[in-house]
Amino acid sequence: ISIDPFENIFLCEEKKIIKVRKYDKKRLEYDFSQFGHLTKIITTNPLRTTLFFEESQTIIFLDKNLNKLNTELKIQNIQNNIISDIETHSNLIFLLSQKNNEVCIYDLKKFKITNCNKKLEIQKNKYLKLFLNKENLILLNNEQIIVLDENLTPKSTYKIENCQKIFFNNDSFYLKINNKL
């Protein structure tokens, strides 16, 4: 389901994450069954893999050998919103609450939310995804793209027409429009 910057391959099988290391083809595993269904895996930092479980509203971190790190975030303890997607950058976690039209930043070093935008104009009737590309935080669904600055303020909005599918690949996304990528 993902490849990290060192070209290690991550797969999801039943209730476990499998990492196949590129340099020796060794297979590492982590059983996440206690957290429920895996919603998202973030492998942009090869030394810290992030797993998000929407069902249990939990974020966990694994080291390069897929050992669970001490930090485990129960999102209900951070804020009362139901989080539908996350993204990470350095020590920041971006939290999307699609239900409440809200994006917040949680700082892992400060152990608190440092910023929130509670007035986003999001079309809730469509699937919504949070995506980090360079310094821009991007919200997108099949009808629109919203680019947010570092203060979570919309910089630009783009309408999308006839988008059938959205594909993600590390730091890029692709739109299938009228059967063309």
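Treat the numbers as computed from the prediction; the structure is a model and nothing was measured.

### Observations concerning the overall build of the chain
Next, step 1: Within the chain one finds 1 helix and 18 strands.
Next, step 2: Relative to the globule expectation of 16 Å for 181 residues, the C-alpha radius of gyration of the chain, 17 Å, shows essentially globular dimensions.
Next, step 3: Scored against the burial criterion, the 181 residues of the chain give a buried share of 45%.
Next, step 4: Looking at the chain alone, contacts between residues at least 24 apart form 32% of all its contacts between residues at least 6 apart.
Next, step 5: Here the chain carries 28 positive and 22 negative side-chain charges, and the mean point of each set is 0 Å from the other.

### Structural notes on the sheet that holds strand 6 (residues 49-53)
Next, step 1: With antiparallel pairing, 4 strands are arranged side by side in an open sheet as 5-6-7-8. In this open sheet, the two strands that pair with only one neighbour each are strand 5 (40-42) and strand 8 (68-74). Adjacent strand axes in the sheet meet at a mean angle of 15° when their direction is disregarded.
Next, step 2: Of the pairings in the sheet, the one linking strand 7 (residues 58-62) to strand 8 comprises 4 bridges and is antiparallel in character. Bridging across to strand 8, Thr 58 finds its partner in Lys 74.

### So, the environment of Leu 120
Next, step 1: Relative to the assigned elements, Leu 120 resides in the loop between strand 12 (112-117) and strand 13 (129-133).
Next, step 2: When the C-alpha positions of Leu 120 and Ser 156 are compared, they lie 12 Å apart, and in sequence the two are 36 residues distant.
Next, step 3: Beyond its immediate stretch of four places on either side in the chain, Leu 120 contacts Asn 101, Glu 102, Val 103, Leu 139, Leu 148, Leu 152 and Pro 154.

### Some remarks on the pairing of strand 7
Looking down a regular strand, the side chains alternate between one sheet face and the other.
Next, step 1: Among the 5 residues that make up strand 7, 5 are buried, leaving the element largely enclosed by the rest of the structure.
Next, step 2: Because side chains alternate across strand 7, one face comprises the buried residues Thr 58, Ile 60 and Leu 62, and the other comprises Ile 59 and Phe 61, equally buried.
Next, step 3: Pairing of strand 6 with strand 7 involves 5 bridges; the strand directions are antiparallel. Its bridge partner being in strand 7, Phe 53 is matched across the sheet by Thr 58.

### As for the pattern of salt bridges
Next, step 1: Evaluated as defined, the whole model comprises 8 salt bridges.
Next, step 2: A salt bridge links Arg 21 to Asp 24; the shortest N-O distance between them is 2.6 Å.
Next, step 3: The residue Arg 27 makes a salt bridge to Glu 29 at a minimum N-O spacing of 3.2 Å.
Next, step 4: Overall, the relative accessible area of 40% leaves Glu 29 in the partly exposed class.
Next, step 5: Here the salt bridges do not stand alone but share partners, grouping Glu 13, Lys 16, Arg 27 and Glu 29 into one network.

Rules used in this analysis
Residues numbered from 1 in each chain as written. Predicted model: local features only at pLDDT ≥ 70, side-chain atom pairs only at ≥ 80, totals over all residues. Heavy atoms only, no water. Helix = DSSP H or I, 4+ residues; strand = E, 2+ residues; numbered from the N terminus. Rg over C-alpha atoms; globule rule 2.2 N^0.38 Å. Buried < 20%, exposed > 50% of the residue type's maximum accessible area, 1.4 Å probe, protein only. Contact = heavy atoms within 4.5 Å. Lys, Arg positive; Asp, Glu negative; His and termini not counted. Charge placed at Lys NZ, Arg CZ, Asp CG, Glu CD. Pairing = 2+ DSSP bridges. Axes fitted to C-alpha atoms, helices over the stretch in contact; angles between N-to-C directions. Salt bridge = Lys/Arg side-chain N within 4 Å of Asp/Glu carboxyl O.

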